[in-house]
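# Observations on the model geometry
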Amino acid sequence: MKESLLVVFEMVRKEFYQIRQDKRMLAVSIVVPLIQVLVLGYAATTDIKYTTMVVCDQDRTAQSRELIEGFTTSGYFIQEYTVDRVEDLGRYIEEGDAAVALVIPPGFARDLFRRRTPQIQVILDGTDANTANILLAYATRIVTAYARPIVARYAARETGNRLQRIDAEPRVWFNPELSSSNFMVPGVVALVLMIITMTLTSLGIVKEKEIGTLEQLMVTPIKPHELILGKLIPFIIIGFVDAVIVLAVAHYWFGVPVRGSLPLLFFLSTLFILTTLGLGLFVSTVAKSQQQAMLIAQFFFFMPFIFLSGFTFPISNMPDVIRAVTYIIPLRYFLEILRGLLLKGAGFADLWFQAVMLSVIGVAVLWLSVLRFHKTLE
Amino acid sequence: MYMLKPVRPIILKEFRQIRRDPTSLGMLLVLPTALIILVGYALDFDVKHVPLLVYDQNRSPESRALLERLGNTESFDHIGDVMSYGEIERMFLEGVASVAIVIPPAFGRDLLAGREAKVQILVDGSDANTAGQAVANASRIVASHSTELLLEAFRRVGRQEYVPIDFQPRIWYNPDLVTSRFLVPGLIGFILVLTAVISTSLTVVREKERGTMEQIMVSPLRPSHIILGKTIPYMAISLVAATAILLLGYLLFDVEVKGSLLLLYAAIFTILLGGLGQGLLISTITDSQQVAFMVSVLSSLLPSFLLSGFVFPISNMPVVLQVLSNLAVNKFFLNLIRGVMLKGAGLSAVWDQLLYMLIFAAVTLGISSRRMQKRTL
């Protein structure tokens, strides 16, 4: 036992010596995650601010101006362009200069006054379906708000003030200003951690396979499990250091709160790193070359994980079959853990399911890849 | 053709190498198609079926009418009733529900008395996008229920119904707001850049690692020939992959190309050149595949995904990042391909994007061929 530990320790030392030798590799494993979280933490935002709007006001009355003001003071739209003829609107949308067009027909104020129903047209660029959908909701709300007092006055006169009206009061918990960075930055953290740990392990081992140094190690009296431990421990340490770095950036730079317990956070992060290392080891047992390893990691793991983990696309929207698939994606659980623990202060009582699933997947993957690794060695 | 003659052996050699590794070839061709099917079917930004909790303190016919209205939409799935705010909080913490509607005890009475009746919509804000849309949807449903009550009130006293404004939203290019129509063009760019950057950078670095690059260098071939020979096979593969995505997008998801196919392929060709240039550039500055891959991922995977406007609109990013996004060549490709595919834009509308991609390709290819030249001397 003691001997075994010594062997592992020596291997770890050798690995670290090798990593130190390759300065670029060290830089890549520490600096890359740092830069990625910094830049991508800003990039991943679903906040919609200041959409450029082109306005065609054919009425030019106090009423039409008031409606336009409803748009511009909402904080969502900026009136960048004004045109006189409806035909001129199209160009702005086509070339992407404006995402929204507002058309107020001539006689708008007069029709309102005579209690006819004037038409208000809003044209949205639907290329970005998500943004268009949200802008549509904003526009509807603004027009409804404009119309409400008009109806109220009419109702007061016609029905003797028996106005039935329901007011919805939205209240947002945990993230009242609905800033998306609190939601997205933990996602970026998880993503970067996964990519860095998986590539480091898979490429590190495949490289030795390619060069043939793995065979050399096999003819030494080192036992396979010592070999695996010796190979994995340095990556666990690097992975853990990376986790600390990216979480620190998320907290101190982006101001993502840490409402839950810090020890639990690090415990669960280590669990996740073990899983990704297992996946990396698995890739290395399947791949014959580094190029293959990278393609497998990229297409079989990174991309499906990014799309199916709930990182940007809500899992609840997915068809049942695909939703079932998301249950075997470790990134999904780590995202739920990170977001729950950081943003809502969720404790182990809330996150035990995710922790159990992560452990089950981690153990299964590690076990499978260690088995396969043994085979490769034999 | 004469110019290409010395390049032929390299192309053949590269193809042979690719053939010997059918797994990689299979992945380069099959996986993009698998991805598009996944993206098309699984990904939807629309916030639907949000789990909804109900805390009805009123329990009157009026409150039930409103709740029925909310529960009967695609937006919300009514998953249960609760009796306290504490329960709502617990369910939010566990992530079981993310929206709750609270109806105060006085709701029905206020409504009948002609006072303003209030309801509360509680949302778990940790996912800002979902929360924002859920609030918008809930408010919209409550507002339309409120309008209907009003119209009913008009009818009851025998007055004319009156709607002051006829609001007519029109959505161009994608009237049903289908997410796949937005993502499919982006996916083409995403996959093209990835495969181009990563495969080129790795093939060159692999030869460097094995020392075979020197052998090629001492041959009478010029660096430009080597570059051409090494990139043409991957361009061919990527073009096949791009065509497969376009076809599948059309057949499965009705994403058709409204503009000119010629322009589209010109753009695909140019972005491939740019991606290959970026890959070569990486290969000239790194010596190991591991580092090459890391740098490729840093400069292609995540930026193409997050910085190009593929998923997150660039206009919402901070100014510094908007400037930085110009380095992600994919951004220009996305602008162009979305314009051509969805809006039917012609060359006059997108020439600037094409020009930028050409410049990007010229700069990266130029620098890397210079750096390769230096190594030989």
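Since the structure is predicted, the reported quantities are computational estimates derived from the model, not experimental observations.

Attention now goes to the overall build of chain B. Within chain B one finds 14 helices and 5 strands. In summary, chain B has a C-alpha radius of gyration of 28 Å against a globular reference of 21 Å for 377 residues, an excess of more than 25%. When its C-alpha atoms are laid out on the principal axes, chain B stretches across 95 × 45 × 40 Å. In chain B, buried positions account for 49% of the 377 residues. Considering only contacts in chain B between residues 6 or more positions apart, those separated by 24 or more positions represent 77%.

If you tally the helices and strands in chain A, you get 14 helices and 5 strands. Relative to the compact-globule value of 21 Å for 378 residues, chain A shows a C-alpha radius of gyration of 29 Å, a clear excess of over 25%. Out of the 378 residues in chain A, the part that is buried amounts to 48%. Sequence-distant contacts in chain A: of pairs separated by 6 or more residues, those separated by 24 or more amount to 78%.

Moving on: the environment of Phe332(B). Residues and elements named next belong to chain B. Structurally, Phe332 can be placed in helix α13 (residues 330–343). Through-space distance from the C-alpha of Phe332 to that of Met357 is 6.8 Å; in sequence the pair is 25 residues apart. Apart from the residues within four sequence positions on either side, Phe332 is in contact with Gln353, Tyr356 and Met357.

So, about the domain arrangement of chain A. Quoted interface sizes are often the accessible area lost when the parts come together. Considered domain by domain, chain A is made up of domain 1 (9–45 + 179–377) and domain 2 (51–158). Spacing between the C-alpha centres of domain 1 of chain A and domain 2 of chain A amounts to 48 Å.

All names here are of chain B. Relative to strand β2 (residues 76–81), strand β1 (residues 50–56) runs parallel, the two being bridged by 5 bridges. If you follow Pro51 over to β2, its bridge partner there is Asp77. Considered for its hand, the β-α-β crossover made up of β1, helix α3 (residues 61–71) and β2 is right-handed.

Bringing unusual backbone geometry into the picture now. Unlike most non-glycine residues, Arg60(A) shows phi in positive territory, near 50°. Overall, Arg60(A) belongs to the partly exposed group, with 13 C-beta atoms counted inside 10 Å. Positive phi is not limited to glycine here, since Arg59(B) has a value of about 50°. With respect to the helices and strands, Arg59(B) occurs in the loop between β1 and α3.

The next subject is the domain arrangement of chain B. Its domain assignment divides chain B into domain 1 (5–43 + 178–376) and domain 2 (50–156). Centre-to-centre, using C-alpha coordinates, domain 1 of chain B lies 48 Å away from domain 2 of chain B.

The interface of chain A with chain B comprises 106 residues on the first partner and 106 residues on the second. Breaking the side of chain A that touches chain B down by element, the ones donating at least two residues are α2 (23–43), α4 (89–94), β4 (119–125), α6 (129–158), β5 (165–173), α7 (181–211), α11 (290–308) and α13 (330–344) of chain A. Sort the elements by how many residues they give to the side of chain A that touches chain B and α6(A) lands first, with 19 residues. Tallied by class, residues from the side of chain A that touches chain B come to 56 nonpolar, 30 polar and 20 charged. One ladder, built from 7 bridges, connects β4(A) with strand β5 (residues 166–172) of chain B; its direction is parallel. Each bridged residue has a counterpart across the sheet, and for Leu124(A) the counterpart in β5(B) is Ile171(B).

All right, on to the confidence of the model for chain A then. Caution applies to low-pLDDT regions: their predicted coordinates should not be interpreted in detail. Residues of chain A with pLDDT of at least 70 account for 96%, and the chain-wide mean is 83. Here β5(A) is the element of chain A with the lowest mean pLDDT, 72, and helix α3 (residues 62–72) of chain A is the one with the highest, 92.

Once that is clear, we can look at the nonpolar core. Val100(A), Ala101(A), Val189(A) and Val99(B) are the most contacted members of the largest nonpolar core, which totals 226 residues. When neighbours within four sequence positions are excluded, Ala101(A) is seen to be in contact with Val54(A), Cys56(A), Leu89(A), Tyr92(A), Ile93(A) and Ile123(A).

In this section: the pairing of strand β3 (residues 99–103) of chain B. Residue and element names in this part refer to chain B. Within β3, 5 of the 5 residues are buried, which leaves it mostly tucked inside the rest of the structure. Neither face of β3 is open: one carries Val99, Ile101 and Ile103, the other Ala100 and Val102, and all of them are buried. As defined by bridge partners, β1 adjoins β3 across 5 bridges and the pair is classed as parallel. Within β3, the position partnered with Val54 by the bridge is Ile101. The pairing of β3 with strand β4 (residues 116–124) spans 4 bridges and is classified as antiparallel. Considered in β4, the bridge of Val99 is made with Val123.

Below, the discussion takes up α3(A). Residues and elements named next belong to chain A. Along α3, the positions that sit buried rather than exposed are Ser64, Leu67 and Phe71. When α3 is viewed along its axis, its buried side chains cluster within an angular range of 60° and face the same direction. Seen from the buried face of α3, the exposed residues on the opposite side, beyond 90 degrees, are Ala62 and Glu66. Those residues of α3 that are buried are in contact with β1 (51–57), β2 (77–82), β3 (100–104), α5 (108–113) and α6.

We now examine the sheet that holds β1(A). Hydrogen bonds along the backbone pair up the strands of a sheet, which may run parallel or antiparallel. The sheet built from 5 strands is open, its strands ordered β2(A)-β1(A)-β3(A)-β4(A)-β5(B) with mixed pairing. Looking at which strands have only one partner, the edges of the open sheet turn out to be β2 of chain A together with β5 of chain B. Each strand axis lies, on average, 25° off the axis of its neighbour in the sheet, ignoring direction. Pairing of β1(A) with β2(A) involves 5 bridges; the strand directions are parallel. Directly across from Thr51(A), in β2(A), lies its bridge partner Phe77(A).

All names here are of chain A. Mapping Gln63 onto the fold places it in helix α3. Residue class for Gln63 comes out partly exposed when judged on the 19 C-beta atoms lying within 10 Å of it. Considered as a pair, Gln63 and Ser261 are 198 residues apart in the sequence and their alpha carbons are 55 Å apart. Setting aside residues up to four positions removed in sequence, Gln63 forms contacts with Phe108, Ala109 and Leu112.

Analysis parameters
- Residues numbered from 1 in each chain as written.
- Chains lettered and ligands numbered in written order.
- Predicted model: local features only at pLDDT ≥ 70, side-chain atom pairs only at ≥ 80, totals over all residues.
- Helix = DSSP H or I, 4+ residues; strand = E, 2+ residues; numbered from the N terminus.
- Rg over C-alpha atoms; globule rule 2.2 N^0.38 Å.
- Buried ≥ 20, exposed ≤ 12 C-beta atoms within 10 Å, placed from the backbone.
- Contact = placed C-beta atoms within 7 Å.
- Domains from an automatic or database assignment.
- Pairing = 2+ DSSP bridges.
- Right-handed = clockwise from strand over helix to strand, strands pointing away.
- Nonpolar A, V, L, I, M, F, W, Y, C, P; charged D, E, K, R; others polar.
- pLDDT = per-residue confidence, 0-100.
- Core = buried A, V, L, I, M, F, W, Y, C linked by C-beta atoms within 7 Å.
- Arc of directions from axis to C-beta.
- Axes fitted to C-alpha atoms, helices over the stretch in contact; angles between N-to-C directions.

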